[in-house]
Amino acid sequence: MEDEVLAWDRLADRASEPNPFFESWYLLPSLRAMPETEEVTVLRFERDGELAGLLPMIRAPKYYRWPVPHLSSWLHANSFCGVPLVAHGCEVPFWQAVLRWADDEPGTALFMHLRGVVLGGPLHAALEGVVACDGRQVEIVHHEARAMLCSSLSPEAYLEASMSGKKRKELRRQANRLADLGEVRFERRTDADDIEDWCDRFLALEAAGWKGEAGSSLASDESTTTLFRESLAGAAERGKLERLALWLDDKPLAMLATFLTPPGAYSYKTAFDEEYARFSPGVLLQRENLAVLDRPDIVWSDSCAAADHPMIDRIWREKRGVGRLSIAIGGMLRRAAFSQFVRAETARSPATTEV
């Protein structure tokens, strides 16, 4: 789809639900950089001759630890949302087309599995309506609630509601003690200038901490390094990247890259200097990040963090439900076998995290 970038970008701008991880500037670098992407098929949906829907899929031979072939939406470890890009108003025909494709070409797949679905969103609601009309079984086999920011409060009022007076006083003390060491400043940028240098500094900052020691930092693997650089450059060129940093003189102590996808935003990656942990630079940066509440074009922000994150859950008080769905496909025998399988799965591993 390299030759469809302009149409792809137009689709993203009129999407029913924003998902930066399926936009051209993120998905194309993912397909180029990440391993084992040759089996990924990008489903395209057109309406009136224009690209109106997109979803990357794979035919997987295993379902987690079980040898059960299935169709699955494709995400990698650094993709934090799995809702398809679908033009507003095309949600129902899009899902009808996807399910018709799955029914007609199931191969050996027992069912379809969708990952990273925003529960209760427009795409999930449309899917529920389509499967109900089809008499088709769908099950939420896992769900979790992750922190999000969605409030009409000012940044100051939100912080006061989220943190105790004692904790806010401690943050002020830490900021004052940090200022004793040199010039402290916050830098917020939405342009594309100096993006390579910013990426260099972020990668070095993250690699210097526990992720670097564990081999899980972005700089630990060439594929994730390339993806980070290319996706941030692509987002910045389109005005869809915010870079926020806390500096001590000419040294970054905390950095945050956020994808701007109005009416939402996604906190993609953050890092902080662990040598300055006593000053809580990551929390100070998140305090500054509450300024997103003043943006008229951003209604909500997804933390992209794991459920019950020890830092962000103490600041961002709202929750976003994200789940994995399994859907019946094919003929009566295949659907009957799927019903038995999903019943056994949910009995063994019920989705217990409340949304």
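Residues numbered from 1 in each chain as written. Predicted model: local features only at pLDDT ≥ 70, side-chain atom pairs only at ≥ 80, totals over all residues. Heavy atoms only, no water.

## Looking at helix α4 (residues 122-134)
- Helix length check: α4, at 13 residues, gives a terminal C-alpha distance of 19 Å against a target of 18 Å (1.5 Å per residue), a fit within 8%.
- For α4, the set of buried residues is Leu123, His124, Ala126, Leu127, Val130 and Val131. For α4, the buried positions fall inside an angular range of 160° around the axis, keeping them on one side. Pointing more than 90 degrees away from the buried face of α4 are the exposed residues Ala132 and Cys133.
- In the core, the buried residues of α4 are packed alongside β4 (85-86), α3 (91-104), β5 (111-118), β6 (138-149) and β12 (318-328). (Helix = DSSP H or I, 4+ residues; strand = E, 2+ residues; numbered from the N terminus. Expected span 1.5 Å × (residues − 1). Buried < 20%, exposed > 50% of the residue type's maximum accessible area, 1.4 Å probe, protein only. Arc of directions from axis to C-beta. Contact = heavy atoms within 4.5 Å.)

## A closer look at the packing of aromatic side chains
- Tallying each qualifying case throughout the model produces 25 aromatic pairs.
- For the ring pair Trp25 and Tyr26, a centre distance of 6.4 Å and an interplane angle of 90° mean the geometry is edge-to-face.
- Consider the rings of Trp66 and Phe341, whose centres lie 5.8 Å apart with planes at 85°: the pair is edge-to-face. Of this pair, Trp66 sits in the loop between β2 (50-60) and β3 (70-73) while Phe341 sits in helix α11 (residues 332-348), placing them 275 residues apart in sequence.
- Looking at Phe341, the relative accessible area reads 15%, which means it is buried. (Phe/Tyr/Trp six-rings, centres within 6.5 Å; stacked < 30°, edge-to-face > 60°.)

## Comments concerning the packing of helix α2 (residues 24-33) against helix α9 (residues 222-237)
- For the pair α2 and α9, the least separation of the axes is 9 Å and the interaxial angle reads 160°. Considering their axes alone, α2 and α9 lie roughly antiparallel with respect to each other. Every pair of crossing elements has a handedness; the one defined by α2 and α9 is right-handed. Residue-level contacts link Trp25, Tyr26, Pro29, Ser30, Arg32 and Ala33 of α2 to Ser223, Thr226, Leu227, Glu230, Ser231, Gly234 and Ala235 of α9.
- Looking at side-chain class alone, the contact of α2 with α9 contains six nonpolar, five polar and two charged residues. (Axes fitted to C-alpha atoms, helices over the stretch in contact; angles between N-to-C directions. Parallel < 35°, antiparallel > 145°, perpendicular 65-115°, else oblique. Left-handed = near helix turned anticlockwise from the far one by under 90°. Nonpolar A, V, L, I, M, F, W, Y, C, P; charged D, E, K, R; others polar.)

## Regarding the pattern of salt bridges
- Evaluation of the coordinates by the stated rule reveals 27 salt bridges.
- When the shortest N-O distance is used, the salt bridge between Glu230 and Arg32 registers 3.1 Å. Of this pair, Glu230 sits in helix α9 while Arg32 sits in helix α2, and the two are 198 residues apart along the sequence.
- Put simply, Glu170 and Arg173 hold a salt bridge, and the shortest N to O gap is 2.8 Å. (Salt bridge = Lys/Arg side-chain N within 4 Å of Asp/Glu carboxyl O.)

## Considerations on the side chain of Arg243
- When you line up the elements, Arg243 lands in strand β8 (residues 241-248).
- Taking the relative accessible area as the measure of exposure, Arg243 reaches 1% and is therefore buried.
- A polar contact is formed between the side chain of Arg243 and the backbone oxygen of Asp191, at a distance of 2.9 Å.
- A distance of 2.9 Å separates the side chain of Arg243 from the backbone oxygen of Asp193, its partner in a polar contact.
- Sequence-distant contacts of Arg243, defined by excluding residues within four places in its chain, comprise Glu187, Arg188, Arg189, Asp191, Ala192, Asp193, Asp194, Ile195, Trp198 and Leu256. (Polar contact = N/O pair within 3.5 Å; in protein donor to acceptor, adjacent residues only side chain to side chain.)

## Some thoughts on the packing of helix α1 (residues 5-13) against α2
- Between α1 and α2, the shortest axis-to-axis distance is 10 Å and the interhelical angle comes to 125°. In terms of their interaxial angle, α1 and α2 are classed as oblique. On α2, the residues that touch Val5, Trp8 and Asp9 of α1 are Ser24, Leu27 and Leu28.
- Partitioning the contact of α1 with α2 into residue classes produces four nonpolar, one polar and one charged.

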